[in-house]
Amino acid sequence: DVKVTQSSRYLVKRTGEKVFLECVQDMDHENMFWYRQDPGLGLRLIYFSYDVKMKEKGDIPEGYSVSREKKERFSLILESASTNQTSMYLCASSLGQGLQPQHFGDGTRLSIL
Amino acid sequence: AQSVTQPDIHITVSEGASLELRCNYSYGATPYLFWYVQSPGQGLQLLLKYFSGDTLVQGIKGFEAEFKRSQSSFNLRKPSVHWSDAAEYFCAVGAPVGFQKLVFGTGTRLLVSP
């Protein structure tokens, strides 16, 4: 069965910390995505990547960066965590040219204190 | 730019009853349309998608959706709801040209009563 795995289900960090969220997929997909999900706002795209070392900004990239050194792994980095980054973070992947995520991880619920 | 509206935040349906979840989109041409489901504590799962052709699309878990161009709608339906269908449902729209990213609706939470 296909799998997108996020390294943590729950994470608690402090304001100002550098935070890493890791995502691994085992389907050899070219495209990977990071979304954040907030009540009443749906899913918003932070960054996506369509190939190794390639990245593109989504709708809300401010305060975040990403890294894709290997095809199967896509990392989201909060350079200096702030309380307004408390959220559910979802990683996804897909095959092919379109930017429609096919498979999602179970999410990381991140709390910034 | 495309946008999508799910007018119902919550819907409660009795088990065994039929279901229709509403989705309206805004886009200048016919977009790509999607429905995803998110069970509690899990990520999203793709239920079905519409790219072109037959306007009635069949998906997984017994769901279907109908694209109506005149109404700019892509409503999700199921003839008989099961308790395991309780979840949050997201409609999404994407432009059919180029390398365009999806825009998601705000979701509809489905509650199933016994």
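Residues numbered from 1 in each chain as written. Chains lettered and ligands numbered in written order. Predicted model: local features only at pLDDT ≥ 70, side-chain atom pairs only at ≥ 80, totals over all residues. Heavy atoms only, no water.

**Q** Help me understand the pattern of salt bridges, please; the structure alone is not making it clear to me.
**A** Pairs can form between side chains of opposite charge once their charged atoms are near each other. Residue and element names in this part refer to chain A. Applying the stated criterion to the full structure yields 10 salt bridges over all chains. The salt bridge partner of lysine 18 is glutamate 79, with a shortest N-O separation of 3.7 Å. One end of the pair, lysine 18, is in the loop between strand 2 (10-13) and strand 3 (19-25); the other, glutamate 79, is in the loop between strand 8 (73-78) and strand 9 (87-94), and 61 residues separate them in sequence. For glutamate 79, a relative accessible area of 41% gives the class partly exposed. We note a salt bridge from arginine 36 to aspartate 38, for which the minimum N-O separation is 2.9 Å. Per residue, the accessibility class of arginine 36 equals that of aspartate 38, and both read buried. (Salt bridge = Lys/Arg side-chain N within 4 Å of Asp/Glu carboxyl O. Helix = DSSP H or I, 4+ residues; strand = E, 2+ residues; numbered from the N terminus. Buried < 20%, exposed > 50% of the residue type's maximum accessible area, 1.4 Å probe, protein only.)

**Q** Any chance you could explain the nonpolar core here in plain terms?
**A** Side chains of a nonpolar character, in soluble globular proteins, are inclined to be buried together. Residues Leu19, Trp35, Leu47, Leu48, Phe74, Leu76 and Tyr89 of chain B are the most contacted members of the largest nonpolar core, which totals 26 residues. Of all the elements in the fold, those that place two or more residues in this core are strand 2 (10-14), strand 3 (19-21), strand 5 (32-38), strand 6 (44-50), strand 8 (64-68), strand 9 (73-78), strand 10 (87-94) and strand 12 (108-113) of chain B. Considering each element in turn, this core owes the most residues, 4 residues, to strand 10 of chain B. The next biggest cluster of nonpolar side chains, apart from the first, holds 21 residues, and it includes Leu11, Phe74, Tyr89 and Ile112 of chain A. (Core = buried A, V, L, I, M, F, W, Y, C linked by side-chain atoms within 4.5 Å.)

**Q** Mind showing me how you'd approach the pairing of strand 5 (residues 42-51) of chain A here?
**A** The two faces of a sheet get side chains in turn, since along a regular strand they alternate between them. Residues and elements named next belong to chain A. Most of strand 5 sits inside the fold, with 7 of its 10 residues counted as buried. Connecting the antiparallel pair strand 4 (residues 31-38) and strand 5 is a turn made up of 3 residues, with glycine 40 showing a positive phi of about 80°. Taking the residues between adjacent antiparallel strands as the criterion, strand 5 and strand 6 (residues 54-57) are bridged by 2 residues, where lysine 53 takes a positive phi near 65°. (Pairing = 2+ DSSP bridges.)

**Q** Honestly, the packing of aromatic side chains in this entry has me stumped. Any pointers?
**A** We describe a pair of aromatic rings using the distance from one ring centre to the other and the angle between the two ring planes. Enumeration over the complete set of coordinates arrives at 13 aromatic pairs over all chains. Ring geometry for phenylalanine 104 of chain A against tyrosine 36 of chain B: centres 5.8 Å apart, planes inclined by 85°, an arrangement best described as edge-to-face. In this pair, phenylalanine 104 of chain A is assigned in strand 10 (residues 103-104) and tyrosine 36 of chain B in strand 5, connecting two distinct chains. Tyrosine 36 of chain B carries the same exposure label as phenylalanine 104 of chain A, and that label is buried. Taken together through their ring pairs, the aromatic side chains of Phe33, Tyr35 and Phe104 of chain A together with Tyr32, Phe34, Tyr36, Phe51 and Phe104 of chain B make up a single cluster. (Phe/Tyr/Trp six-rings, centres within 6.5 Å; stacked < 30°, edge-to-face > 60°.)

These values are about where atoms sit, not about what they do.
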